[in-house]
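This is what each chain is made of:
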Amino acid sequence: MKRYSIFILILFAILIRVSAEEPYPVRGLCIAAPTVDVADEFADFIDKVLAPAGVNTLVLRVDYGYRYKSHPELVGGHPLEEEEIKKLVAVCQKNNIRLMPQVNLLGHQSWAGSVGKLLEAYPEFDETPEVEFPEEYQWPNEDGLYCKSYCPLHPEVHDVVFDIVDEITEVFEADAFHAGMDEVFYIGHEQCPRCYGRDKAELFAGEVNKIRDHLKKSGKELWIWGDRLIDGKTTGIGLWEGSYNNTHRAIDLISKDVIICDWHYEKAHPTAVLFAAKGLTVVTCPYRKSDVALEQDLLLRTLIRNAPEEMKLRYAGMMQTVWGSAKGFMNSYHGTVEEERRDASADCFKALSEIWSEP
Ligand SMILES: [Zn+2]
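Model, not experiment: these values are computed from the prediction.

Novice: Quick question: what am I supposed to make of the coordination of the zinc ion here?
Specialist: Perfect tetrahedral coordination of a metal by four donors corresponds to 109.5 degrees between them, and perfect octahedral coordination by six donors corresponds to 90 or 180 degrees. The coordination sphere of the zinc ion, as far as protein atoms go, consists of E127 (OE), C151 (SG), C192 (SG) and C195 (SG), spread over 2.1 to 2.3 Å. Relative to the metal, the 4 donor atoms surrounding the zinc ion lie at angles of 104 to 118°, and the coordination shape comes out tetrahedral. Mapping the donors of the zinc ion onto the primary sequence yields the spacing E-x23-C-x40-C-x2-C. Classification of C195 as buried rests on a relative accessible area of 0%.

Novice: So what exactly am I meant to see when it comes to the packing of helix α2 (residues 39-50) against helix α3 (residues 82-94) here?
Specialist: At a minimum axis distance of 9 Å, the contact between α2 and α3 shows a crossing angle of 5°. Classified by the interaxial angle, the pair formed by α2 and α3 is roughly parallel. Residue-level contacts link A39, D40, F42, A43, I46 and D47 of α2 to E84, K87, L88, V91, C92 and K94 of α3. When its residues are assigned to classes, the contact of α2 with α3 shows 7 nonpolar, no polar and 5 charged.

Novice: I keep staring at the environment of R212 and nothing clicks. Help me out?
Specialist: In this structure, R212 sits in helix α6 (residues 200-216). The spatial distance from the C-alpha of R212 to the C-alpha of P25 is 22 Å, given a sequence separation of 187 residues. For R212, the residues in contact, after removing those within four places along its chain, are L222, S255, D257 and V258.

Novice: Whenever I open this one, the side chain of T128 confuses me. Can you help?
Specialist: As for its position among the elements, T128 is in the loop between α4 (117-121) and α5 (157-172). If we ignore the near neighbours within four places in the chain, the residues touching T128 are K148, Y186, H189 and Q191.

Novice: Even after reading the chapter, I still don't get the layout of surface pockets, so can you show me in this structure?
Specialist: A water-sized probe, rolled over the atoms, reveals where empty space remains. In this structure, the largest pocket occupies an estimated 1,000 Å³ of space. Looking at the largest pocket, it is lined by 37 residues, and the ones nearest its centre are R61, V62, D63, N104 and W111. Split into classes, the residues belonging to the lining of the largest pocket amount to 18 nonpolar, 13 polar and 6 charged.

Rules behind the numbers
- Residues numbered from 1 in each chain as written.
- Predicted model: local features only at pLDDT ≥ 70, side-chain atom pairs only at ≥ 80, totals over all residues.
- Heavy atoms only, no water.
- Donors = N, O, S within 2.8 Å, 3.2 Å for Na, K, Ca; no water.
- Tetrahedral: all angles 85-135°; square planar, octahedral: opposite > 155°, others 65-115°.
- Buried < 20%, exposed > 50% of the residue type's maximum accessible area, 1.4 Å probe, protein only.
- Axes fitted to C-alpha atoms, helices over the stretch in contact; angles between N-to-C directions.
- Helix = DSSP H or I, 4+ residues; strand = E, 2+ residues; numbered from the N terminus.
- Parallel < 35°, antiparallel > 145°, perpendicular 65-115°, else oblique.
- Contact = heavy atoms within 4.5 Å.
- Nonpolar A, V, L, I, M, F, W, Y, C, P; charged D, E, K, R; others polar.
- 1 Å grid on protein atoms, 1.4 Å probe; cavity = no way out; pocket = protein on both sides within 12 Å on 5 of 7 lines; lining within 4 Å.
- Points joined across faces, edges and corners; volume = space filled by probe spheres on them.

Structure representation (structure tokens):
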């Protein structure tokens, strides 16, 4: 009888331990870097809201919104100064939050009718130099212009963008960098004398690996969005969350230590298994819909529970994406904004953080 009681106690202890175990290691938030005027408020938000909510990974989209010393010609309007970044670094270190910067590489070099800083300063890097911005941007359009890309085979482009990568990761004191690389529609384009006729999967993978190799030299990790690695047509996932331009075979060509952020906003597509089965580590990313995020959390737990040991750790976790401003997100979180301007990703984040912050 005594032995039986001890057995029950041990079983009870194991059950408590299992229920207290974190379901997955990454609980992240990806958001635009705060503007200068709200940097202090955002630092406080990290300390008082994000950390208690269970966030342990924070990706800040900086792009050219920092006063780069290596390339002053690329600095955008109202840039963050080193002083503000250091405040964010300190509060993240205090709360054991892994902080990393994002600068969009390859794609997203323009938005609607406006060119980004890189191609504004270096128009020779443009993959589609003949595509002009219309007076009034509309999608779809004859040129298939969503965002411009830089040419990954231009002999000078990496001299510039790697300076930016090195400088921003240094000021962030980061051991990882997010390069974006989503929704690349212009690649291997007929207007590019270097790329046209080449295999688009090889071009995409070549650029991913080049960035990865550069970061690896200083022991840093590369994170990217996963949509170009999903066959959009065969899966039915479409040309935004998936690729319609044959880049998806790059999934077999990129280095296995690149971290894939698998974003799906309308439905909990079970694509994490696609990446994990290829040997890649994957982070599932929701946006505005709480029901989708909760399904993704459930799916992820199911995958981890049923995975062979080899694959379990590749399901790294979840990262909430926010596509509005940091100020808009904070106001929506605190309920201090009119209903019509409310950022629904704040509600989605609350739903997730209730799970993450459970003891
Ligand atoms: Zn090119």
